[in-house]
Amino acid sequence: MKDQIFSRRLWSSISQYLILIIAAIIILYPIWSAFNIAMMSDTEMGSYPPLQFPTAIRFENIQRALSQAPLGRYLFNSVVQSTLVMVGQLITACLAAYAFAFIEFKWRNFFFLVFLSTMMIPWEATIIPNYLFIKTLGWTDTFQGLAIPFMATGFGTFLLRQFFLKIPHELKDAATMDGCGSFRFLMTIVLPLARPALGTLAVYSFLQTYNQYLWPLLITNNSSMRTVQIGITLLQDEERLMINIVMAGVIFILIPTLTLFVVSNRQLIRGLTAGAVKG
Amino acid sequence: MDQTALTSELSLSSKFGKKGRQKRAVKTFFQAILYLSPALILFITFVFIPLIRSFEISAYITDPIGRLAKFVGLMNYERLFQTTTFMNSFSRTLMFVLYTVPTTILISLGLALLGDLQLKGISVFRMIFSISIAISGATASLMFLYIYHPTVGVNYLLNLVGIHNLTWLVSHKTALLSVALTTVWLQIGLNTVILLAARQTIPEELFESAMIDGANSWNKFLHITLPMLSSTFFFLMVVDMLAAFQTFTPIHVMTKGGPLDSTNLLVYSIYREFYFNGKYGFAASQAIMLFFIMLLLTILQFVFVERKVHYE
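Note that the structure is a prediction, hence the values are computed from the model and not measured.

It is not clear to me how the interface of chain B and chain A should be interpreted in this structure. Could you clarify?
When the parts of a complex come together, some accessible area is lost, and that lost area is often used as the size of the interface. Taken together, the contact between chain B and chain A spans 88 residues of the former and 95 residues of the latter. Here chain B packs against chain A, burying approximately 8,200 Å² in sum over the two surfaces, 78% of which is carbon and sulfur. In this structure, the connection of chain B to chain A is made through zero salt bridges. At the boundary of chain B with chain A, the tally comes to twelve residue pairs in polar contact (both at pLDDT 80 or more). The residue inventory of the side of chain B that touches chain A, partitioned by class, reads 66 nonpolar, 17 polar and five charged.

It is not clear to me how the packing of helix α4 (residues 71-102) of chain A against helix α10 (residues 182-193) of chain A should be interpreted in this structure. Could you clarify?
Between two packed helices, both the angle of their axes relative to each other and the distance between the axes serve to describe the pair. Residue and element names in this part refer to chain A. Relative to each other, α4 and α10 sit at 100 degrees, their axes nearing to 11 Å. Comparing the axis directions of α4 and α10 gives the class roughly perpendicular. Packed against α4, whose contacting residues are Cys 94, Leu 95, Tyr 98 and Phe 102, the element α10 presents Ser 182, Phe 183, Phe 185, Leu 186, Val 190 and Leu 191 at the interface. Across the contact of α4 with α10, the residue classes tally to nine nonpolar, one polar and no charged.

Help me understand the state of the cysteines in this model?
Joining two cysteines, a disulfide is a covalent bond between their sulfur atoms. Residues and elements named next belong to chain A. Applying the stated criterion across every chain, the model contains zero disulfides over all chains. Cys 94 carries a free sulfur, and the closest cysteine sulfur to it, the one in Cys 180, is 16 Å from it. According to the relative accessible area criterion, Cys 94 is buried, its value standing at 7%. Residue class for Cys 180 comes out buried when judged on its relative accessible area of 10%.

Is there a simple way to think about the side chain of A:Thr209 in this case?
Residues and elements named next belong to chain A. Inspection of the secondary structure puts Thr 209 in helix α11 (residues 195-210). One polar contact links the side chain of Thr 209 to the main-chain carbonyl oxygen of Ser 205, over a distance of 2.7 Å. In contact with Thr 209, not counting residues within four places along its chain, are Gln 81, Ser 82 and Val 85.

Is there a simple way to think about the packing of aromatic side chains in this case?
Any pair of aromatic rings gets described here by the distance separating the centres and the angle formed by the planes. Residue and element names in this part refer to chain B. Counted according to the given criterion, the structure contains 46 aromatic pairs over all chains. With a centroid separation of 5.8 Å and an interplanar angle of 20 degrees, the aromatic rings of Phe 86 and Phe 90 are classed as stacked. Highlighted residues: Phe 86 and Phe 90, both in helix α3 (residues 84-115), separated by four residues, approximately one helical turn. Both rings, one in Tyr 271 and one in Phe 276, keep their centres 5.7 Å apart while their planes meet at 90 degrees; by these two values the pair is edge-to-face.

Just to check I follow, could you spell out the confidence of the model for chain A for this structure?
If pLDDT is low for a region, its predicted coordinates should not be looked at in detail. Per-residue confidence for chain A gives a mean pLDDT of 89, with 97% of residues at or over 70. Between the elements of chain A, mean pLDDT differs from a low of 80, seen in helix α15 (residues 265-274) of chain A, to a high of 96, seen in helix α7 (residues 143-147) of chain A.

Looking at this model, I keep getting lost on the environment of A:Pro196. Mind explaining?
All names here are of chain A. Note that Pro 196 resides in helix α11. For Pro 196, a relative accessible area of 36% translates into the label partly exposed. In this structure, the C-alpha to C-alpha distance between Pro 196 and Leu 160, residues 36 residues apart in sequence, is 9.9 Å. Look past the residues within four positions of Pro 196 in its chain and what remains in contact with it is Phe 163 and Arg 270.

Can you help me understand the nonpolar core in this one?
Note on soluble globular proteins: their nonpolar side chains tend to be buried together. Core analysis: the largest hydrophobic core is formed by 193 residues, its most contacted members being A:Ile128, A:Phe164, B:Leu36 and B:Phe129. For this core, the element with the most residues is α4(A), which contributes 16 residues. Both domains that furnish three or more residues to this core are identified here as domain 1 (3-57) and domain 2 (85-311) of chain B.

What should I look at first to understand a nonpolar patch on the surface in this one?
Among the surface-exposed residues, A:Phe6, A:Leu10, A:Trp11 and A:Ile14 lie close enough to one another that they form a single nonpolar patch of about 450 Å² accessible area. Inspection of the secondary structure assignment puts A:Leu10 in helix α1 (residues 2-38).

How should α15(A) be read in this particular structure?
One turn of the α-helix equals 3.6 residues, which is why residues spaced by three or four share an orientation. For α15(A), the set of buried residues is A:Asn265, A:Leu268, A:Gly271, A:Leu272 and A:Thr273. Where α15(A) is buried, its residues contact α8 (154-165), α11 and α14 (243-263) of chain A together with α4 (122-129) and α7 (175-200) of chain B.

What's the story with the side chain of B:Arg92 in this structure? I'm lost.
All names here are of chain B. Note on placement: Arg 92 falls in helix α3. One buried charged residue, Arg 92, remains without a salt bridge, the closest side chain of opposite sign being Asp 261 at 9.3 Å. Excluding its chain neighbours within four sequence positions, the residues that come into contact with Arg 92 are His 172, Leu 176, Asp 261, Ser 262 and Leu 265.

Just to check I follow, could you spell out the domain arrangement of chain B for this structure?
Residue and element names in this part refer to chain B. For chain B, the domain assignment lists domain 1 (3-57) and domain 2 (85-311). The distance between the C-alpha centroids of domain 1 and domain 2 comes to 40 Å. Facing four residues of domain 1, the contacting portion of domain 2 comprises six residues. Of the roughly 420 Å² buried where domain 1 meets domain 2, counting both sides, 88% is carbon and sulfur surface. For the domain 1 face of the interface with domain 2, the top three residues by lost area are Ser 54, Phe 55 and Ile 57, together amounting to 82%. For the pair domain 1 and domain 2, the interface holds zero salt bridges. Counting across the domain 1 and domain 2 interface gives zero residue pairs in polar contact (both at pLDDT 80 or more). Residue composition of the side of domain 1 that touches domain 2, grouped by class: three nonpolar, one polar and no charged.

Rules of the game
Per chain, the residues get numbers from 1 upward, laid out in the order the sequence is written. Each chain gets a letter, beginning with A, and each ligand a number, beginning with 1, in the order they are written. Owing to the predicted nature of the model, reporting of local features is limited to residues with pLDDT of at least 70; listing and counting of side-chain atom pairs is limited to 80 or more, with chain, interface and lining totals taken over all residues. Water and hydrogen atoms were dropped before computing side-chain values, which therefore reflect all heavy atoms in the structure. Contacts are assigned to residue pairs that have any heavy atoms within 4.5 Å of one another. Summed over both partners, the accessible area (1.4 Å probe) lost when two parts come together is defined as the buried area. Take a side-chain nitrogen of Lys or Arg and a carboxyl oxygen of Asp or Glu: if they are within 4 Å of each other, that pair is a salt bridge. Any pair of N or O atoms that falls within 3.5 Å is considered a polar contact. Within protein, one atom must be able to donate a hydrogen and the other to accept it, and sequence-neighbouring residues count only if both atoms are side-chain atoms. Following the grouping adopted for this structure description, the nonpolar residues are Ala, Val, Leu, Ile, Met, Phe, Trp, Tyr, Cys and Pro, the charged ones are Asp, Glu, Lys and Arg, and the polar ones are all others, Gly among them. Axes here refer to lines fitted to C-alpha atoms; in helices the fit is confined to the stretch in contact. Angles between the N-to-C directions go from 0 to 180 degrees. Strands here mean DSSP runs of E at least two residues long; helices mean DSSP runs of H or I at least four residues long; both are numbered from the N terminus. Roughly parallel means an angle under 35 degrees; roughly antiparallel means over 145; roughly perpendicular covers 65 to 115; every other angle is labelled oblique. In this description, a disulfide is simply a cysteine sulfur pair whose atoms lie within 2.5 Å. Each residue's exposure class comes from its accessible area (1.4 Å probe, protein chains only) as a fraction of the maximum for that residue type: buried when under 20%, exposed when over 50%, partly exposed otherwise. Any two rings among Phe, Tyr and Trp, with Trp reduced to its six-membered ring, count as a pair given centres within 6.5 Å; such a pair is stacked if its planes are under 30 degrees apart, edge-to-face if over 60, and tilted if neither. pLDDT runs from 0 to 100 and stands for how confident the predictor is about each residue. Definition used in this section: a nonpolar core is a set of buried Ala, Val, Leu, Ile, Met, Phe, Trp, Tyr and Cys residues joined via side-chain atoms within 4.5 Å. An automatic or database domain assignment supplies the residue ranges for each domain. To count toward a patch, a residue needs a relative accessible area above 30% and no salt bridge. Like charges then connect within 9 Å, nonpolar side chains (Val, Leu, Ile, Met, Phe, Trp, Tyr) within 5 Å. The Shrake-Rupley method, run with a 1.4 Å probe, gives the accessible areas here. Residue values count only the displayed protein chains as cover. Working convention for charge: Lys and Arg count positive, Asp and Glu count negative, and His plus the chain ends are omitted.

What follows is the structure, encoded as structure tokens:
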């Protein structure tokens, strides 16, 4: 009897694992196939039936991709752009969220609504004037053109404000009585307490910017200022280039984001679910 | 306002009197604005003024580099409904929404339920199911471009199981579906993460008491999980619809709007009209249409969430 229950449990968990593994294989297939193609030699590319597993781990395709296009430079540009946006968003969102959470002022709700409304305006609805504006400023092919338009965030302000509201108001009163100015209070007390929320916003905004496509496509023309997402698709446009080299490039630029995804999974997921799930 | 803040406010106001209180209110107002100003200046420069400018440009014909040339009122909007390009990309976009949104939510629900199983190592599977949140539209599109490739792609494997020679991106009949599949794959990660988080906020007692009443897993799913997730489904529906309406990257990487304009979705059409054809006014009028569609969707969601809060 006991054995029977045990074996039934065993079979049920084996079948559950089986379903999980099949689902995982389907989800991972696109990445697997990219990796598989990236590992193929040029002659293997022509073989039929197509190989489903790499015969060797070949790094030379990545090297060839790097020699075809300055992927390292593109990567650098993307990292600089994403870091600038991340730092910018952290600063502007911290300051604004602090005012919304700790200062009682006239029209506070109105200003808060103004901030929230920016989340409802699709970026595409403003892209033409923004493009023309950046062009008039002469900011095409510059980091300021890539980063400054994104340095304020309604979502991030909202996220940090929610977190700041959990910090007891008594702390502020005590600090004020001790003669601590409000900016010092923000820097020395609020920010250290809000570290998890700051981490969430940082990872979220970095990834969002790193994966941007349309804006860098519009405002960068010079190869030395291209971001990695644009650069990689340009590889594909080169007719004479083999697919295995393009896929090697894809694998190369996936490494940073996948690492970030694994290392800071908790923060990232907290950021993504912040707007969706209450409690 | 909590008690201490209130008392300190009172003591301060009695100390300074009415005039002092007013002066103090003005001072706090400017202090607050000082904190808001960096974000506010950026929003005004890159969101609010451009939005107004979009309306303005949409009422003009421009020269090829975007300078306003001639005021035409609503003519650009009239042209939207007269020319086939916009109507085509609008209807293709609606189809794209229909292809992607329900599929994404259904698959993600399945994955979230799987990820919710109480098994050893389940967190690894959760991570795999949500992996697409780390992958950009550009890289995913390139990966799928070669999955659809006639010789090295997935067709060989599909042939083995009896599905023969899918045309994928080559035919105008299947291209939109193929792009949709890429988008679904990209959106699954976010949807699964959100559904998993929402599933974990359902109180366990509900399931326990249902179990005492003799409910099986299917009953529990149907009568507890699904209803408790209804607001999350609605949220995801809106998020996925917004994403579908804004789709650009896979189109630009995989199809450039073709074949036969069958994948010329709204944002791609906007891009093409102003960036290549130099028709800024016409493109702006399409952007304004997009703005109103998205606004409508957001308002719908807002109304629904309000109602839900009301019922609770």
